[in-house]
Amino acid sequence: MKYNSIKPGQIWLDTNGERIQAHGGSIITVDDTFYWYGENKENTDGQNDNWHWGVKCYASKDLYNWEDKGIIILPDTEDESSPLHPKQFMDRPHIIYNEKTKKVRMLAKDYEKRWNTSLYDFDGRSYFRVLYYRKKWSASA
């Protein structure tokens with residue numbers, strides 16, 4: 001599949017012809033490549049209670065054609081209280097890249113009786129460690 005324009009309202013396929021799974025995501029640019037990150041909904045069918053299946057990444061040179069780079073943040077299927085568990089409402093992942101340090105972090109919303117914000121540190125291809133997990137909103141936070 002090769003695109004030369006964006007077609008609003010149509011299903012967008014990656015370069016393998018598969019539906020793009022980058023819901024609620026964001027795009028960053030590193031050098032001459034765009035990276036699109038978002039919630040992976042391939043295992044969300046409305047019957048299994050899965051909200052997400054981790055976070056997927058796609059890469060593009062032209063913003064039309066996106067190569068699937070795979071699941072870069074795996075779901076935590078062991079710990080049901082983890083914001084990364086498929087049944088938890090991890091939402092709107094945002095990848096932050098620091099050019100100076102070459103480090104990557106993810107900021108995402110999650111839901112546990114109320115919306116929270118969590119910051120994750122990237123320690124290798126698919127492992128994130130929660131650095132900050134805000135359970136209580138306050139005016140001074």
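As the structure is a computational prediction, the values presented were derived from the model and not from experiment.

A.B. asks: What is the right way to look at the overall build of the protein chain in this model?
C.D. replies: When helices and strands are counted, the protein chain shows zero helices and eight strands. Mapped from its N terminus to its C terminus, the protein chain presents α and β elements in the order β-β-β-β-β-β-β-β. Relative to its 141 residues, the protein chain shows a buried fraction of 36%. Intrachain contacts of the protein chain at a sequence separation of at least 6 include 35% that bridge at least 24 residues. For the protein chain, the computed accessible surface area is about 8800 Å², with 50% contributed by carbon and sulfur atoms.

A.B. asks: How should I be thinking about the sheet that holds strand E1 (residues 23–30) in this particular structure?
C.D. replies: The strands making up a sheet are joined through hydrogen bonds of the backbone, oriented either antiparallel or parallel. With antiparallel pairing, the four strands of this open sheet are ordered in space as E1-E2-E3-E4. Taken across any chain shown, the strands that pair with only one partner, and hence form the sheet edges, are E1 and strand E4 (67–73). For this sheet, the mean angle separating the axes of adjacent strands, direction not counted, is 25°. Across six bridges, strand E2 (residues 33–39) lies against strand E3 (residues 55–60) in antiparallel orientation. In the strand pairing of E3, Glu39 is matched with Val55.

A.B. asks: I tried to follow the nonpolar core on my own but got confused; where do I start?
C.D. replies: Core analysis: the biggest nonpolar cluster contains 12 residues, these being Ile28, Val30, Tyr37, Val55, Cys57, Ile72, Ile73, Leu84, Met90, Ile95, Met106 and Ala108. When contributions to this core are tallied by element, the ones reaching two or more residues are E1, E3, E4 and strand E6 (103–111). Listed in part, the five residues of the second largest apolar core include Ala22, Trp36, Tyr58 and Trp66.

A.B. asks: Whenever I open this one, the environment of Phe89 confuses me. Can you help?
C.D. replies: Among the structural elements, Phe89 can be located in the loop between E4 and strand E5 (91–98). Here the alpha-carbon distance between Phe89 and Lys109, two residues 20 residues apart in the chain, equals 7.9 Å.

A.B. asks: I would appreciate a short explanation of the packing of aromatic side chains in the present structure.
C.D. replies: The description of two aromatic rings rests on the distance between their centres and on the angle between their planes. For the coordinates displayed, the defined rule picks out six aromatic pairs. Taking 6.5 Å as the distance between ring centres and 85° as the angle between the ring planes, the aromatic pair formed by Tyr3 and Trp12 counts as edge-to-face. Centroid distance Trp51 to Phe89: 4.7 Å. Interplanar angle 75°. Geometry classified as edge-to-face. One end of the pair, Trp51, is in the loop between E2 and E3; the other, Phe89, is in the loop between E4 and E5, and 38 residues separate them in sequence. Residue Trp51 is classed as partly exposed on the basis of its relative accessible area, which comes to 28%. Pairwise contacts between aromatic rings join Tyr3, Trp12, Trp36, Tyr58 and Trp66 into one cluster. Its end group placed over the ring of Trp51, Lys41 keeps NZ or CZ at 4.1 Å from the ring centre.

A.B. asks: Sorry if this is basic, but what is going on with the confidence of the model for the protein chain here?
C.D. replies: Detailed reading of the predicted model is not advised wherever pLDDT is low. Looking at the protein chain, the pLDDT average stands at 79 and 77% of residues meet or exceed 70. Element-level mean pLDDT values for the protein chain span from 49 in strand E8 (residues 128–134) up to 92 in E3. Throughout residues 124–129 the model reports pLDDT below 50, and contacts reaching past four residues in sequence, or to other chains, amount to 20 contacts. Ignoring residues within four places in sequence, the model shows residues 131–141, a span with pLDDT below 50, making 23 contacts including any to other chains.

What counts and what doesn't
- Residues numbered from 1 in each chain as written.
- Predicted model: local features only at pLDDT ≥ 70, side-chain atom pairs only at ≥ 80, totals over all residues.
- Heavy atoms only, no water.
- Helix = DSSP H or I, 4+ residues; strand = E, 2+ residues; numbered from the N terminus.
- Buried < 20%, exposed > 50% of the residue type's maximum accessible area, 1.4 Å probe, protein only.
- Contact = heavy atoms within 4.5 Å.
- Areas by Shrake-Rupley, 256 points an atom, 1.4 Å probe, with all protein chains shown as cover.
- Pairing = 2+ DSSP bridges.
- Axes fitted to C-alpha atoms, helices over the stretch in contact; angles between N-to-C directions.
- Core = buried A, V, L, I, M, F, W, Y, C linked by side-chain atoms within 4.5 Å.
- Phe/Tyr/Trp six-rings, centres within 6.5 Å; stacked < 30°, edge-to-face > 60°.
- Lys NZ or Arg CZ within 6 Å of the ring centre and 35° of its normal.
- pLDDT = per-residue confidence, 0-100.

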